[in-house]
Amino acid sequence: MATAPGVATPEEYVGDTLAREQTSLWADAWRRLRRNRLALVSTFILLLLVVVAIVSAFWTPFPIWRQSVGPTYDPPSLHHLLGTDQRGRDIFSRLMVGAQVSLQVGVGTQIIVAALGITVGLLAGYFRGWLDGIISTIINIFYGIPDLLVALILVLLLGRGLDKIIFAIAVTRWMDMARLVRGQTFALREREFVEAARASGTRPNKILSRHILPNALGPIIVQATFGVPQAILFEAFLSFLGLGVQPPTPSWGAMAADGFHALRIAPHIVLVPAIALSLTLMAFNFLGDGLRDALDPRQKR
Amino acid sequence: MVKRVPDRVPLLRAEEVVKHFPAGLGASVKAVERVNFEIYPGETVGLVGESGCGKSTLGRLITQLLPVTSGNIFFEGVDLTKLGGEKLRQKRRELQMIFQDPYSSLNPRMTVGDIIAEPLENFGLLRGRAKDKRVQELLKIVGLNPYFNNRYPHEFSGGQRQRIGIARALALRPKLIVADEPISALDVSIQAQIINLMEDLQKEFQLTYLFIAHDLSVVRHISDRVMVMYLGKIVEVADSAEIYRNPRHPYTKALLSAIPIPDPDIQAKRRIVHLSGEISSPVNPPSGCRFHPRCPIAQVPTPCADLEPPLEEKARDHRAACHFSEKVPVAV
């Protein structure tokens, strides 16, 4: 039998040369994201949007609710950068506050969706069996009901406050996240490091929070990023139908609806919020694509 | 080289252990079929067989990562298959596992220090500074720099990662370690280092190993006894030296002849037993002796195709499951 070297003394650690540079996985992802120009431009647009939304909470060129700050249906000019609407309100000011509404709806919805979807998905995916059966059935039922119907009923029941609208949209949007997390958990629970954790006596709550969730975070972030524009669009749609946030709070959807009847004489009233909405949706989608490539480099090849 | 096992009270005893996985439409994969064996304190038992023979499943049944379909696994007299929840969790302290793939057995989002500390935290054994000290000590024991405790697994090579996995298994000072092909994913040059480390640790901490591998050459070096598995059944058990000198099952013989000998003259003269065909399906295992469709000495149909040979004593401490074990040619 070969004589084995004794347990290593400090002079002869096999581990003194590391195989790779010290980089965290997140730093690696950020490096990849930075090389994606579309995602970078999108990030910039979205940061600008956030700044605008924050500023609008303290200052806008004109008060958004006051009518007749200028003539009605006024096209863009130096005084009113994006013109005025049918009541003579400053569209630029209203657009700024609208950004606030859109971001709150988009991000707020996704926070609820993530909290609900992650919890439900982890439980179904890890414990499987009857729990998974119940949860999967509920998910399928929710998929079966038209989301517009659910949202309309909830808005009618609860009222048109921003928080209620966020809740109503989240109720129609949590299933994708739950399914994603369930699938990820299914796959991750079979990985050897999860087996190793079980073998060393790790309790299920810790296995979920320390081993499974952190490793599913990449796809969750991507899913949430794609979920934001969906929620924003849904809110805009509700507002366009007149069931969104309570006027006079300006929502981009409501602003577009306001100008709809005057499309021929003052197209800017519709175009301005529509373009803002499109840019925001595109930015979120490109960022989502970029994040997916950055967080899961295998998928790109 | 073989250390005789002094006391005959087994640390672990498996009785009629069966594991079937449902395979849809009422069919099932018969991964482990009525397996019996013992592991004695302080010994290393090698478990050998080709891919898909059920050896990894058996390892996971012993560590209760998978529930048995039927049968009993006694660890120090306690039937693990009857334990659940907290009682089983407590037992896990004595029964650890080393995994095959050093890339997937370490959580990529945790630092090495956290990975090794987790077993300690699970049982509230050490806290704060004492815990950190123990983690660094464990890193030192497996030959890694103790100051790499805040690094992530992907910064390490395969061999280094396997050492981390070993440190994690040692953290709870277990009695039995099931090593599931711990070196088959490593470079050949690294394999010997890991084997040697495991041997050193065994001496130092009085460990008992169940060492799972798919070829006999690896197991020969480290094992006191060897079990050979084929299609869910144990077909031969004997002392390591004995099984190499005098295999009593044609399958063991075939595995042995597949080990290359580093001498071209001897290698040229050897008779290599080529097995025909693939391993049979564990969904529908052959009747009688499961090995008979591939066996060079089988007599079909009687008895090999219709009578299952029992695992019986062919020589002292040497059991084999073959109707014609005396016809198995002696090893080269």
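An account of the accompanying structure is given in this report.

How each quantity is defined
Residues numbered from 1 in each chain as written. Chains lettered and ligands numbered in written order. Predicted model: local features only at pLDDT ≥ 70, side-chain atom pairs only at ≥ 80, totals over all residues. Heavy atoms only, no water. Helix = DSSP H or I, 4+ residues; strand = E, 2+ residues; numbered from the N terminus. Buried < 20%, exposed > 50% of the residue type's maximum accessible area, 1.4 Å probe, protein only. Contact = heavy atoms within 4.5 Å. Areas by Shrake-Rupley, 256 points an atom, 1.4 Å probe, with all protein chains shown as cover. Rg over C-alpha atoms; globule rule 2.2 N^0.38 Å. Salt bridge = Lys/Arg side-chain N within 4 Å of Asp/Glu carboxyl O. Axes fitted to C-alpha atoms, helices over the stretch in contact; angles between N-to-C directions. Parallel < 35°, antiparallel > 145°, perpendicular 65-115°, else oblique. Left-handed = near helix turned anticlockwise from the far one by under 90°. Nonpolar A, V, L, I, M, F, W, Y, C, P; charged D, E, K, R; others polar. Phe/Tyr/Trp six-rings, centres within 6.5 Å; stacked < 30°, edge-to-face > 60°. Lys NZ or Arg CZ within 6 Å of the ring centre and 35° of its normal. Pairing = 2+ DSSP bridges. Patch = residues over 30% accessible without salt bridge, like charges linked within 9 Å, V, L, I, M, F, W, Y side chains within 5 Å. Expected span 1.5 Å × (residues − 1). Arc of directions from axis to C-beta. Polar contact = N/O pair within 3.5 Å; in protein donor to acceptor, adjacent residues only side chain to side chain.

### Focus: the overall build of chain A
At step 1: Per the secondary structure count, chain A includes 11 helices and zero strands.
At step 2: Along the chain direction, N to C, the helices and strands of chain A fall in the order α-α-α-α-α-α-α-α-α-α-α.
At step 3: Across the 301 residues in chain A, those meeting the buried criterion constitute 45%.
At step 4: The long-range fraction of contacts in chain A, counting pairs at least 24 apart against all pairs at least 6 apart in sequence, stands at 72%.
At step 5: Total accessible area computed for chain A in this model is approximately 15,200 Å², and 66% of it derives from carbon and sulfur atoms.

### Brief notes about the overall build of chain B
At step 1: If you tally the helices and strands in chain B, you get 10 helices and 12 strands.
At step 2: Relative to the globule expectation of 20 Å for 332 residues, the C-alpha radius of gyration of chain B, 21 Å, shows essentially globular dimensions.
At step 3: Here the C-alpha coordinates of chain B stretch approximately 70 × 50 × 45 Å along the principal axes.
At step 4: A burial count over chain B gives 56% of its 332 residues as buried.

### Some remarks on the pattern of salt bridges
At step 1: In this structure the tally under the stated criterion is 30 salt bridges over all chains.
At step 2: Residue A:Arg210 pairs with B:Glu121 through a salt bridge whose shortest N-O separation is 2.9 Å. With one member in each of two chains, A:Arg210 in helix H8 (residues 204–240) and B:Glu121 in helix H3 (residues 112–122) form a pair that bridges those chains.
At step 3: B:Glu121 gets classed as partly exposed once you look at its relative accessible area, which sits at 24%.
At step 4: In this structure, B:Glu50 and B:Arg294 form a salt bridge, with 3.2 Å as the shortest nitrogen-oxygen distance. Of this pair, B:Glu50 sits in the loop between strand S3 (44–48) and helix H1 (55–62) while B:Arg294 sits in the loop between helix H10 (264–269) and strand S11 (312–315), and the two are 244 residues apart along the sequence.

### Concerning the packing of helix H9 (residues 252–260) of chain A against helix H10 (residues 268–295) of chain A
Residue and element names in this part refer to chain A.
At step 1: Packing of H9 against H10 leaves a shortest axis separation of 7 Å and a crossing angle of 150°. Looking at the two axes, H9 sits roughly antiparallel to H10. Between H9 and H10 the crossing geometry is left-handed. When H9 is examined against H10, the residues Trp-252, Met-255, Ala-256, Gly-259 and Phe-260 are found in contact with a partner set consisting of Ile-269, Val-270, Pro-273, Ala-276, Leu-277 and Thr-280.
At step 2: Residue composition of the contact of H9 with H10, by class: nine nonpolar, two polar and no charged.

### Comments concerning the packing of aromatic side chains
Centre distance and the angle of the planes are the two values used to describe a pair of aromatic rings.
At step 1: Counted under the stated rule, the structure contains seven aromatic pairs over all chains.
At step 2: Ring centres of B:Phe148 and B:Phe156 lie 5.9 Å apart, and the angle between their planes is 70°; on these two criteria the pair is classed as edge-to-face. Neither residue differs from the other here; B:Phe148 and B:Phe156 are each classed as buried.
At step 3: Among the aromatic side chains, those forming a connected cluster through ring pairs are B:Tyr230, B:Tyr251 and B:Phe291.
At step 4: Between A:Arg128 and the ring centre of A:Phe186, over which it is positioned, the NZ or CZ distance is 5.9 Å.
At step 5: Just above the ring of A:Phe234 sits the side chain of A:Arg173; from NZ or CZ to the centre is 4.9 Å.

### Observations concerning the side chain of A:Ser239
All names here are of chain A.
At step 1: With respect to the helices, strands and loops of the structure, Ser-239 is situated in helix H8.
At step 2: Taking the relative accessible area as the measure of exposure, Ser-239 reaches 6% and is therefore buried.
At step 3: Every residue in contact with Ser-239, bar those within four places of it in the chain, is listed here: Gly-244, Val-245, Ser-251, Gly-253 and Ala-254.

### Points about the sheet that holds strand S9 (residues 225–230) of chain B
All names here are of chain B.
At step 1: Here we have eight strands laid out as an open sheet, ordered S6-S7-S8-S3-S9-S10-S12-S11, and mixed in their pairing. Whereas interior strands pair on both sides, the edge strands pair on one side only; in this sheet they are strand S6 (95–98) and S11. Mean inter-strand twist for the sheet, computed between neighbouring axes without regard to direction, equals 25°.
At step 2: Summarising the sheet, strand S10 (residues 233–239) and strand S12 (residues 318–320) pair through two bridges and their orientation is antiparallel. Of the residues in S12, the one forming a bridge with Glu-236 is Ala-320.
At step 3: In this fold helix H6 (residues 188–205) packs onto S3, S6, strand S7 (176–180) and strand S8 (208–213), with an angle of close to 160° to the strand it touches most, S8.
At step 4: Here helix H9 (residues 250–257) sits on the sheet in contact with S3, S9 and S10, set at roughly 105° to S9.

### Notes on the pairing of S10(B)
Residue and element names in this part refer to chain B.
At step 1: For S10, the tally of buried residues reaches seven of seven residues, placing the bulk of the element in the interior.
At step 2: Looking at chain direction, S9 and S10 are connected through six bridges and run antiparallel. Bridge pairing in S10 places Met-227 opposite Val-237.
At step 3: Between the end of S9 and the start of S10, which pair antiparallel, lie two residues, with Leu-231 showing a positive phi angle near 50°.

### Focus on unusual backbone geometry
At step 1: Even without a glycine there, the phi angle at A:Arg128 is positive, about 50°.
At step 2: Inspection of the secondary structure puts A:Arg128 in the loop between helix H3 (91–127) and helix H4 (129–144).
At step 3: Backbone geometry at B:Leu25 places phi at a positive 55°, although glycine is not the residue there.
At step 4: Take B:Leu25: it is sitting in the loop between strand S1 (12–22) and strand S2 (28–39).
At step 5: B:Leu25 gets classed as exposed once you look at its relative accessible area, which sits at 93%.

### What about the packing of helix H7 (residues 192–199) of chain A against H8(A)?
Residues and elements named next belong to chain A.
At step 1: Two elements in contact, H7 and H8, have axes separated by 11 Å at closest approach and are oriented at 175°. It follows from the interaxial angle that H7 and H8 lie roughly antiparallel. Within the contact between the two elements, H7 uses Phe-193, Val-194, Ala-197 and Arg-198 and H8 uses Ile-207, His-211, Ile-212 and Asn-215.
At step 2: In terms of residue class, the contact of H7 with H8 is built from five nonpolar, two polar and one charged.

### Comments concerning a nonpolar patch on the surface
Residues and elements named next belong to chain A.
At step 1: On the surface, Ile-112, Ile-141, Ile-145, Leu-149, Ile-153, Leu-157, Leu-158 and Phe-167 cluster together to form a nonpolar patch covering roughly 710 Å² of accessible area.
At step 2: Top element by residues in the nonpolar patch is helix H5 (residues 147–158). It accounts for four residues.
At step 3: Here Leu-149 shows up in helix H5.

### Section: the pairing of S6(B)
Residues and elements named next belong to chain B.
At step 1: Of the two faces of S6, the one holding Leu-95 and Met-97 and the one holding Gln-96 and Ile-98 are both buried throughout.
At step 2: Relative to S7, S6 is paired through four bridges, and the arrangement is parallel. Paired with Met-97 across the strands is Val-178, a residue of S7.

### Things to note about helix H2 (residues 37–58) of chain A
All names here are of chain A.
At step 1: Spanning 22 residues, H2 covers 32 Å between terminal C-alpha atoms, matching the ideal 32 Å at 1.5 Å per step.
At step 2: Listed as buried for H2 are Ala-39, Ser-42, Leu-46, Leu-49, Ala-53 and Ser-56. One face of H2 carries all of its buried residues, which in axial projection span an arc of 105°. Turned more than 90 degrees away from the buried face of H2 sit Arg-37, Phe-44, Leu-47, Ile-54 and Phe-58, all of them exposed.
At step 3: Here the buried face of H2 lies against helix H1 (25–34), H3, H9 and H10.
At step 4: By the N-cap criterion, in which a side-chain oxygen at the helix start approaches the backbone nitrogen of a residue two or three places on, H2 is capped by Asn-36, the distance to Leu-38 being 3.3 Å.

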